[in-house]
Amino acid sequence: MELQVIDDGIHLSAYRPRILQSVTNGETTPAGYESDYYNHYGDCSQVESCGSAVQSGYETLDAPPNYDFYTNTEVFGRRKHFRPSLYQLYAKPEDDSQPPMYEETTHGGMQGESSEEEEEQKDPLPEPTRFGWVHGVMIRCMLNIWGVILYLRLPWITAQAGIGLTWVIILLSSCITGITGLSTSAIATNGKVKGGGTYFLISRSLGPELGGSIGLIFAFANAVAVAMHTVGFAETVVDLMHENGAVMVNRINDIRIIGVITVTCLLAISMAGMAWESKAQVLFFLVILVSFSSYIVGTVIPPSPQKQAKGFFSYKADIFTTNFVPNWRGREGSFFGMFSIFFPSATGILAGANISGDLKDPAVAIPRGTLMAIFWTTLSYLIIAATIGSCVVRDASGLLNDTLSSSSSSKNCVELACQYGWDFSDCIKNNTCIFGISNYYQSMSMVSAFAPLITAGIFGATLSSALACLVSAPKVFQCLCKDKLYPLIGFFGKGYGKNNEALRSYLLAYIIAVCFILIAELNTIAPIISNFFLCSYCLINFSCFHASITNSPGWRPSFRFYNKWLSLLCAMCCLVIMFLLTWWAALIAFGVVLLLLGYTLYKKPTVNWGSSVQASSYNIALNQCIGLNQVEDHVKNYRPQCLVLTGPPSSRPALVDLVSCLTKNLSLMMCGHVVTPDLAPRVQSESHNLWLHQRKVKSFYKNVMAEDLRSGVNMLLQGAGLGRMRPNVLLMGFKTDWHSDSPKATHSYIEILQDAFDFQYGVCVLRMRERLDVSHLYQSHVNPCFDGVPETINTTYTTTGINISPPVPIDPDPLLSRPSLFRKKQGRKTIDVYWLSDDGGLTLLLPYLLTRRKRWAKCKVRVFVGGDAFNKDERREEVMTLIKKFRLGFNDVTVLPDLFQKPQPGNIHQFENMVSSFKVDTNPKNESDYGSARVQDEPWWITDQDLDRNRAKSFRQIRLNEILQDVSHEAGLIVITMPVGRRGVCPSILYLAWLEFLSRDLNPPVLLVRGNQENVLTFYCQ
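Heads up: these notes are all about the structure in this document.

**Examining the overall build of the protein chain**
Regarding its fold elements, the protein chain presents 35 helices and 12 strands. When burial is assessed residue by residue, the protein chain has 52% of its 1022 residues classed as buried. For the protein chain, the share of sequence-separated contacts (at least 6 apart) that also reach a separation of at least 24 residues comes to 79%. When the accessible area of the protein chain is evaluated, it comes to approximately 47300 Å², of which 57% is carbon and sulfur surface.

**Examining the state of the cysteines**
Counted by the stated rule, this structure contains one disulfide. With its sulfur 2.0 Å from that of its partner, Cys427 forms a disulfide with Cys433. Handedness of the Cys427-Cys433 disulfide follows from its S-S torsion of about 80°: it is right-handed. Look at Cys427 and you get buried, because its relative accessible area is 7%. Given a relative accessible area of 10%, Cys433 falls into the buried group.

**Remarks on the pattern of salt bridges**
In a structure, side chains of opposite charge can pair up when their charged atoms sit close to one another. For the coordinates displayed, the defined rule picks out 22 salt bridges. Arg823 serves as the salt-bridge partner of Asp657, at 3.6 Å between the closest nitrogen and oxygen. Here Asp657 is found in helix H23 (residues 653-663), whereas its partner Arg823 is found in the loop between helix H28 (813-817) and strand S8 (830-834), with 166 residues between them in sequence. Judged by its relative accessible area of 2%, Asp657 is buried. For Asp773, the salt bridge identified is with Arg771, shortest N-O distance 3.9 Å.

**A word on helix H9 (residues 251-271)**
Note: α-helices contain 3.6 residues per turn, so residues at a spacing of three or four share the same orientation. For H9, built from 21 residues, the straight-helix expectation of 30 Å at 1.5 Å per residue is met to within 8% by its first-to-last C-alpha distance of 30 Å. Here H9 has its buried residues at Asp254, Ile255, Ile258, Gly259, Thr262, Val263, Leu266, Leu267 and Ser270. Buried residues along H9 sit in contact with helix H8 (208-243), helix H17 (451-483) and helix H18 (503-519).

**Quick look at the nonpolar core**
Trp146, Leu150, Tyr151, Phe342, Tyr381, Val392 and Leu534 are the most contacted members of the largest nonpolar core, which totals 134 residues. Among the elements that make up this core, the one with the highest residue count is H8 (16 residues). In terms of nonpolar packing, the next biggest core, distinct from the first, is built from 59 residues, Leu643, Leu836, Ile963 and Leu992 among them.

**A short note on the packing of helix H12 (residues 317-324) against helix H14 (residues 362-391)**
The geometry of H12 relative to H14 is characterised by a closest axis approach of 7 Å and an angle of 115° between their N-to-C directions. In this structure, H12 crosses over H14, and the sense of that crossing is right-handed. In this structure, H12 uses Ile319, Phe320 and Asn323 to contact H14, whose residues at the interface are Gly389, Ser390 and Cys391. Taken together, the residues of the contact of H12 with H14 break down into three nonpolar, three polar and no charged.

**A look at the pairing of strand S7 (residues 762-767)**
Looking along a regular strand, one sees side chains alternate from face to face of the sheet. Within S7, six of the six residues are buried, leaving the element largely enclosed by the surrounding structure. Judged by which residues are buried, S7 turns out to be covered on both faces: Gly762, Cys764 and Leu766 on one side and Val763, Val765 and Arg767 on the other are all buried. Inspection of the sheet shows strand S6 (residues 729-733) paired to S7 by five bridges, in the parallel sense. Following the sheet pairing, Met732 is matched in S7 by Val765. Handedness of the S6-helix H26 (residues 743-758)-S7 crossover: right-handed. Sheet topology places S7 next to strand S12 (residues 1006-1010); five bridges connect them, and they run antiparallel.

**Comments concerning the sheet that holds S8**
If you trace the 10 strands from one edge of the open sheet to the other, you get S5-S4-S3-S6-S7-S12-S11-S8-S9-S10, paired in mixed fashion. Bordering the open sheet on either side are strand S5 (700-705) and strand S10 (892-896), each of which pairs with just one other strand. This sheet shows a mean twist of 20° between the axes of neighbouring strands, independent of strand direction. Bridge count for S8 against strand S11 (residues 973-977) is four bridges, and the pairing is parallel. Bridging from a neighbouring strand, Asp832 pairs with Ile974 of S11. Those strands touched by helix H29 (residues 842-851) are S6, S7, S8, strand S9 (860-866), S11 and S12, and its axis lies near 170° from that of S8. Sitting on the sheet, helix H34 (residues 951-967) touches S8, S9, S10 and S11, and the angle it makes with S8 is about 160°.

**Considering helix H13 (residues 335-342)**
When H13 is considered as a whole, its buried residues turn out to be Gly337, Met338, Phe339 and Phe342. As for H13, its buried residues are in contact with helix H5 (148-152), helix H6 (154-188), H14 and helix H20 (564-581). One side-chain oxygen at the N-terminal end of H13 lies 3.0 Å from the backbone nitrogen of Gly337; it belongs to Ser334.

**Notes on the environment of Trp856**
Here Trp856 shows up in the loop between H29 and S9. In this structure Trp856 comes out as buried when scored by relative accessible area, which is 0%. The sequence separation of Trp856 and Arg828 amounts to 28 residues, and the corresponding C-alpha distance is 8.3 Å. Here Trp856 is in contact with Cys661, Phe822, Gln826, Ile831, Leu850, Thr851, Gly972 and Leu973, once residues within four sequence places are set aside.

**So, the packing of aromatic side chains**
Evaluated as defined, the whole model comprises 30 aromatic pairs. Note on Phe335 and Phe336: the rings are 5.5 Å apart at their centroids and 80° apart in plane angle, and the pair reads as edge-to-face. Between Phe559 and Phe561 the ring centres are 5.8 Å apart and the planes differ by 75°, which places this aromatic pair in the edge-to-face class. Three or more aromatic residues joined by ring pairs make a cluster, and in this case those are Trp146, Tyr151, Phe285 and Phe292. A cation over an aromatic ring shows up here: Lys885 above the ring of Phe1019, its NZ or CZ 5.3 Å from the ring centre. Cation over ring: Arg1000 sits above Phe997, and NZ or CZ is 3.8 Å from the ring centre.

**What to know about a nonpolar patch on the surface**
A cluster of nonpolar side chains, Leu575, Phe579, Trp583, Trp584, Leu587 and Ile588, forms an exposed patch at the surface whose accessible area comes to about 570 Å². Of all the secondary structure elements, the ones that give two or more residues to the nonpolar patch are H20 and helix H21 (583-603). Note that Trp583 resides in helix H21. Judged by relative accessible area, which is 55%, Trp583 ranks as exposed.

**A look at the packing of H20 against H21**
It is the contact of H20 with H21, at a shortest axis distance of 5 Å, that shows an interaxial angle of 125°. Classified by the angle between their axes, H20 and H21 sit oblique to one another. For the pair H20 and H21, the contacting residues are Leu575, Met578, Phe579 and Leu581 in the first and Trp583, Ala586, Leu587, Ala589 and Phe590 in the second. Class assignment for the residues of the contact of H20 with H21 results in nine nonpolar, no polar and no charged.

**Considering the pairing of S9**
Burial of S9 is extensive: five of the seven residues sit out of reach of the surface. Across five bridges, the pairing between S8 and S9 is parallel. Across the sheet, Ile831 pairs through a bridge with Val861, a residue of S9. A crossover connection joins S8 to the parallel S9 through H29; in handedness this β-α-β unit is right-handed. In terms of strand pairing, S9 meets S10 through five bridges, oriented parallel. Across the sheet, the residue bridging to Phe864 is Thr894, located in S10.

**Some remarks on a positive patch on the surface**
Judged by side-chain charge, Lys825, Arg828, Lys854 and Lys858 come together as a positively charged surface patch. Structurally, Lys858 is set in the loop between H29 and S9. The class of Lys858 is exposed, set by a relative accessible area of 56%.

About the criteria used
Residues numbered from 1 in each chain as written. Predicted model: local features only at pLDDT ≥ 70, side-chain atom pairs only at ≥ 80, totals over all residues. Heavy atoms only, no water. Helix = DSSP H or I, 4+ residues; strand = E, 2+ residues; numbered from the N terminus. Buried < 20%, exposed > 50% of the residue type's maximum accessible area, 1.4 Å probe, protein only. Contact = heavy atoms within 4.5 Å. Areas by Shrake-Rupley, 256 points an atom, 1.4 Å probe, with all protein chains shown as cover. Disulfide = S-S within 2.5 Å. Salt bridge = Lys/Arg side-chain N within 4 Å of Asp/Glu carboxyl O. Expected span 1.5 Å × (residues − 1). Core = buried A, V, L, I, M, F, W, Y, C linked by side-chain atoms within 4.5 Å. Axes fitted to C-alpha atoms, helices over the stretch in contact; angles between N-to-C directions. Left-handed = near helix turned anticlockwise from the far one by under 90°. Nonpolar A, V, L, I, M, F, W, Y, C, P; charged D, E, K, R; others polar. Pairing = 2+ DSSP bridges. Right-handed = clockwise from strand over helix to strand, strands pointing away. Polar contact = N/O pair within 3.5 Å; in protein donor to acceptor, adjacent residues only side chain to side chain. Phe/Tyr/Trp six-rings, centres within 6.5 Å; stacked < 30°, edge-to-face > 60°. Lys NZ or Arg CZ within 6 Å of the ring centre and 35° of its normal. Patch = residues over 30% accessible without salt bridge, like charges linked within 9 Å, V, L, I, M, F, W, Y side chains within 5 Å. Parallel < 35°, antiparallel > 145°, perpendicular 65-115°, else oblique. Lys, Arg positive; Asp, Glu negative; His and termini not counted. Charge placed at Lys NZ, Arg CZ, Asp CG, Glu CD.

Dropping the structure here:
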């Protein structure tokens, strides 16, 4: 017996698990367990090809856990496997039907055998260069942290602040960078990290709004930092040239020439590939280590007279004691002044994270390499500050003749050098000392065993920092370009080669660097760069805190050594330090961030990265909804929260636009869609939500599957909403085809209205001269099986106000371009309100809400009420007084004394003809055996007794239509209090005939409104 196979080629019989073999580079390796489901998935066009496995009641399609089920990428040489869908697990093996409308497919993109064979014939992509945590992160971060300040400013800071406060400055900076490193490690280990570095970490954590702005300015700051480090190198070269009498043009132009040549060489190294760039970084690292060794050796070598004249006396306890306390001098002579100068030297901890796409395992390399780099660089700063402060005095003349001879008096000798046979009193008193750690920036070169090695270290530090920034800027910018958050930058996102090198971004960073090198003076730019880096640190720490505080189940970093409160404290410290360094640069940084943030919020890019902002929004919404449950409803806070029976929202744009005018930025709007199972359509909520979003309608979309329409609407009436955020007004379209449709469908339509009243809903019914349903105009909305029976389609739509035909993925552009009456400016038309029965005030509130919109703001509201001719003025004043107390601003009230007059005989005759086909004969002779039984089984039929009991109400609706045609034929909108038919007394078809005759032959749209008889307006203040 041949087993059947479902349409997508998946055999629903079960297979036993077996060992999964993974083929990579021609080798076969075990990769875990897999079910024979994988072998037959998508390949079984015939049962014979699927093998002869025998089904039993115990066999199943369930597959063991597999890496392929969770990854978005494929491995060369092995087909990607897919988890069986829920429908495939529970469906009968012989069932060939399609999955239900809610079934999600996860394997729709699979290809056939031919395409798979073609893929297997392709050669594997070359493996790009990947780095471990030492080469890729630790060395890169250490080189970026070590810089010119280490060699040229740390001894001077030690002289100003003393060894003790210098250690405080170093440790404080290291605490900030260390906590930032911990936060970076936590974010980097919460999922697979790709290229993009700092931008990738922040954007995937906080979302595209803040991530995009920080990514752009961080990439720009790195490009400018290339120029800053290159100019530092060029200045050192120019100083060496001048010492040897070599000048090309002048100092400024020499810096420009050397800087441009240098950055061009660095660009060539960078564009040669990450392998060459890494080798250059290792070379610079070795040079710096050798320079450190030369310095340490120099501190223990007995000083020569020339070095002693410059203030170096090797390790002395007195020198350490004297230099341990601060000695502030000059403008910058303060703790925060020294801190602002030193802190930029610690802002290189993100150099490794910035090349996250080139790391073998970013989740391991970034935490380990960054934290190790912070530890070793902090240790080196502390050692250099302690050693230079223990060996060199603050002031020295550098003159060999300033020795303290045995014959000269030592009474006038001041400072510590007197104890070691040197008298620098004259230069100290005159402030003319040019040596000593307070005056001589090259103190480390003077102490070093071989001074040229310190110069080489300065070259290595500046060039390595410039090279790291030149690599970081394009990497970050390339990732930003690929995300397409900003216009006109996608050109620079293209990658080349096996490493996907961003050559265009490299050229852009080079051009920016050259522009700032030509300035040759970056003293005003450097604070901005430091503030941009600090701004990035601030947001990284805030990202870690925010992701932790939201308690999202998706926040599961494998790096556990972090604390959310420390991250928040560090973020605040970074914010404060930005203003302490340079307040105006901090304002510029925040201004740029806010500008880019505003642009992103305005454009609202269509990306979804599962950011912590989304998790926080959920927490806030959940807490607010729960909080609302503790507050009782009050009439002052009443809002019409609307459940709109639209079917697919694009099928009734006029109904959607009208309700949007009532609820936008005010209250809840929900578009309801009932789907009956006979057609079993596949409803795509995403396309409907997209249509609402592109039409700028703030609404939810909800579909339910039910056996019939009334049951589905009952589900929506009872289950829509959450807590206090639930609908209280039902809006639907008028059933215009009730004459031609079955009486049972008409009865079901009226029962929906009565169900809404049972659930204490207000009810609104919209009728327009044009059809509400426009889906018949677009083939994409019509089920092909109904093409030959248009009447069926019309009945399906207009019977319920709910589309039950299966929608197909549509292009929303033509539907968006179709204008609706309620999207046009109404000018100076009128809104005529017929407040004939008091329903709690909903009939008045809805027109008031319409006039708050720009499209209806110029419309005049006219209120019409019923009354007698003899007390017409008193009735008008009474209603005017009530409306004024409601503060609605309606000043035009008209009393209709002829409302209760008998309508014209011709109209009465038309009404009788309208309902004649729905009358049933109940004469005394056969009432007991047929007529009454039929009325009891089919309550929509109309008897003569029904017409007699409801004759007054019928005449009133006919007369009201005559008044509407006379008075409101030029109105922009007519709002009428909807009559209510008593259940069991007024047959459903008779009630619908009232609504039909009341709103027929009117040019303006008619909105029939009935509240739930509870107050929605009040003139009290409490």
